[in-house]
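In case you want the letters, here they are:
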Amino acid sequence: MRTLLNIIWLVLCGFWMALGYLLAGVICCVLIVTIPFGLASFRIANYALWPFGRTVVDRRDAGAASFLGNVIWFIFAGLWLAIGHVFTGIALCITIIGIPLGVANFKMIPVSLMPLGKEIVEIP
């Protein structure tokens, strides 16, 4: 079932959301100081392509630097990516088949707002 949902997800919204994260990652990597933001964005882009069967957990070693980085990320990229998730989630929830995909989109909003100090893990 996860594979079927991931394929439908990829076709309907995953590809476009991943492109948004890739664009943010490339911009962050061009500006040398923001490479950690770019790497986090690439990690989330991978998650946005194939989200079912994976989840986001907090890293225990994340500290004050992750919090400060998340504040900067929120201002420059996180808010815009989260808005993309909201609009995509609403559009997917219009159809009955798209409701699980819309809910998954809404679940990705917290990680799009604050990606530093998070880790994406497989669900057993």
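Looking at an unreviewed UniProt entry, the chain carries the name Integral membrane protein, with the source organism given as Amycolatopsis camponoti.

(A) Representation of a nonpolar patch on the surface. Together, Phe67, Leu68, Val71, Ile72, Phe74, Ile75, Phe76, Leu79, Trp80, Ile83 and Phe87 give the surface a local cluster of nonpolar side chains, amounting to about 1,100 Å² of exposed area. When you line up the elements, leucine 68 lands in helix 3 (residues 64-92).

(B) Layout of the state of the cysteines. Tallied over the entire structure, the rule returns zero disulfides. With no disulfide of its own, cysteine 13 lies 10 Å from the sulfur of cysteine 93, the closest cysteine sulfur.

(C) Layout of the packing of aromatic side chains. Across all of its chains, the model carries three aromatic pairs by this definition. Ring geometry for phenylalanine 15 and tryptophan 16: centres 5.1 Å apart, planes at 80°, overall edge-to-face.

(D) Quick look at helix 3. For helix 3, built from 29 residues, the straight-helix expectation of 42 Å at 1.5 Å per residue is missed by more than 12%, its first-to-last C-alpha distance being only 36 Å. Taking the largest bend as the criterion, helix 3 deviates by roughly 65°, centred on phenylalanine 74. All of the buried residues along helix 3 are Ser66, Gly69, Asn70, Trp73, Ala77, Gly78, Leu81, Ala82, His85, Thr88, Gly89 and Leu92. If you follow the buried residues of helix 3, they end up packed against helix 1 (2-30), helix 2 (35-49), helix 4 (99-107) and helix 5 (109-113).

(E) Geometry of the UniProt feature "transmembrane region" (unreviewed entry) in the chain. The positions that UniProt labels "transmembrane region" (unreviewed entry) are, in the present scheme, residues 7-24, 30-50, 62-83 and 89-106. Across residues 62-83 one finds 91% helix and 0% strand; the C-alpha atoms that close the span lie 25 Å apart. Secondary structure across residues 89-106 comprises 67% helix and 0% strand; the distance between its end C-alpha atoms is 6 Å.

About the criteria used
- Residues numbered from 1 in each chain as written.
- Predicted model: local features only at pLDDT ≥ 70, side-chain atom pairs only at ≥ 80, totals over all residues.
- Heavy atoms only, no water.
- Patch = residues over 30% accessible without salt bridge, like charges linked within 9 Å, V, L, I, M, F, W, Y side chains within 5 Å.
- Areas by Shrake-Rupley, 256 points an atom, 1.4 Å probe, with all protein chains shown as cover.
- Salt bridge = Lys/Arg side-chain N within 4 Å of Asp/Glu carboxyl O.
- Helix = DSSP H or I, 4+ residues; strand = E, 2+ residues; numbered from the N terminus.
- Disulfide = S-S within 2.5 Å.
- Phe/Tyr/Trp six-rings, centres within 6.5 Å; stacked < 30°, edge-to-face > 60°.
- Expected span 1.5 Å × (residues − 1).
- Bend = angle between axes of the 7 residues up to and from the residue.
- Buried < 20%, exposed > 50% of the residue type's maximum accessible area, 1.4 Å probe, protein only.
- Contact = heavy atoms within 4.5 Å.
- UniProt positions renumbered as here; feature names shortened; annotations may be inferred.

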